Amino acid sequence: KSKNIYNNDSLNANMNKPLLSLKPSFFNELIPMFVKNLIYSGIITVVLYGLSFVLEFLNILNPISNKIFLAIVILVALAVLPLIISVIILANSNYYFYKTHVESEFEFFIIKKHSTPYNQITNISTDISIWDRICRAGDITLYTAEDNVKNLTLKYIENPQKIEQEIYSIMKSNSNQKTK
């Protein structure tokens, strides 16, 4: 009798197994973000460094011998901190395509899931920037007709055009099964 229960559990596990699972591409997000943050933090560092010279010139601030070291530390900290946050988000994000719906999952301290049934999806679009084209990645947005079902954006997906076709294929097979 327990063997029969095990077989039913195995059958249920296969039914709940995703048809397709995706993870965001680290490389596609992190390199442009690092360059952007490096530029922003460089501007902030130059402004702060210039402000310290003005304050020193006006005798409001005593000369600091480690200004350059401090500027470099600020520059690196401002460039790296958002990268660390992005790595945590990317490493813990997954997209699953089941027989009846697609699910976005973020799991770190909390588990946050967003699910969209295929029959609610009205349009699919891809967003591929110049950098994305170089990396062969991009974003895929699944638009829904219902106001109570949010659009779902799959961020930093490798080969987004191929994945878009796979999504259409899953949706088509799902609608064909409902008509039978």
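Analysis parameters
- Residues numbered from 1 in each chain as written.
- Predicted model: local features only at pLDDT ≥ 70, side-chain atom pairs only at ≥ 80, totals over all residues.
- Heavy atoms only, no water.
- Pairing = 2+ DSSP bridges.
- Helix = DSSP H or I, 4+ residues; strand = E, 2+ residues; numbered from the N terminus.
- Axes fitted to C-alpha atoms, helices over the stretch in contact; angles between N-to-C directions.
- Contact = heavy atoms within 4.5 Å.
- Salt bridge = Lys/Arg side-chain N within 4 Å of Asp/Glu carboxyl O.
- Buried < 20%, exposed > 50% of the residue type's maximum accessible area, 1.4 Å probe, protein only.

**Description of the sheet that holds strand β6 (residues 137-144)**
Part 1: Read across the sheet, three strands follow the order β5-β6-β7 without closing on themselves; strand pairing throughout is antiparallel. The sheet is open, and its two edges are formed by β5 (121-127) and β7 (152-158), each paired on a single side. Taking each pair of neighbouring strands and ignoring which way they run, the sheet shows an average axis angle of 20 degrees.

**As for the environment of Asn 174**
Part 1: Topologically, Asn 174 is positioned in helix α5 (residues 160-179).
Part 2: Through-space distance from the C-alpha of Asn 174 to that of Thr 100 is 6.6 Å; in sequence the pair is 74 residues apart.
Part 3: Not counting residues up to four positions away in its chain, the partners in contact with Asn 174 are Lys 99, Thr 100 and Tyr 118.

**Focus: the pattern of salt bridges**
A side chain of one charge can pair with a side chain of the opposite charge when the charged atoms of the two come close.
Part 1: Across all of its chains, the model carries three salt bridges by this definition.
Part 2: Here Lys 113 and Glu 103 are joined by a salt bridge, their closest N and O atoms 3.9 Å apart. Residue Lys 113 is located in strand β4 (residues 111-117), and its partner Glu 103 is located in strand β3 (residues 101-107); the two are separated by ten residues in the primary sequence.
Part 3: On the accessibility criterion, Lys 113 (51% relative accessible area) is exposed.
Part 4: A salt bridge links Asp 139 to Lys 155; the shortest N-O distance between them is 3.7 Å. Linking Asp 139 in strand β6 with Lys 155 in strand β7, this pair joins segments that are 16 residues apart in sequence.
Part 5: What makes Asp 139 buried here is its relative accessible area of 11%.
Part 6: For Lys 155, a relative accessible area of 36% translates into the label partly exposed.
Part 7: Within the structure, one salt-bridge network assembled from shared partners comprises Glu 103, Glu 105 and Lys 113.

**Thoughts on the sheet that holds β4**
Part 1: Spatially, four strands are ordered β1-β2-β3-β4 in an open sheet, and the strand pairing comes out antiparallel. Among the strands making up the open sheet, the edge pair consists of β1 (20-22) and β4. For this sheet, the mean angle separating the axes of adjacent strands, direction not counted, is 15 degrees.
Part 2: Direction of pairing for β1 relative to strand β2 (residues 93-97): antiparallel, over a ladder of three bridges. Across the sheet, residue Leu 20 finds its bridge partner in β2, namely Phe 97.

**Digging into the pairing of β4**
Part 1: Bridging between β3 and β4 involves seven bridges; their strand directions are antiparallel. Paired with His 101 across the strands is Pro 117, a residue of β4.
Part 2: Adjacent in sequence and paired antiparallel, β3 and β4 are bridged by three residues.

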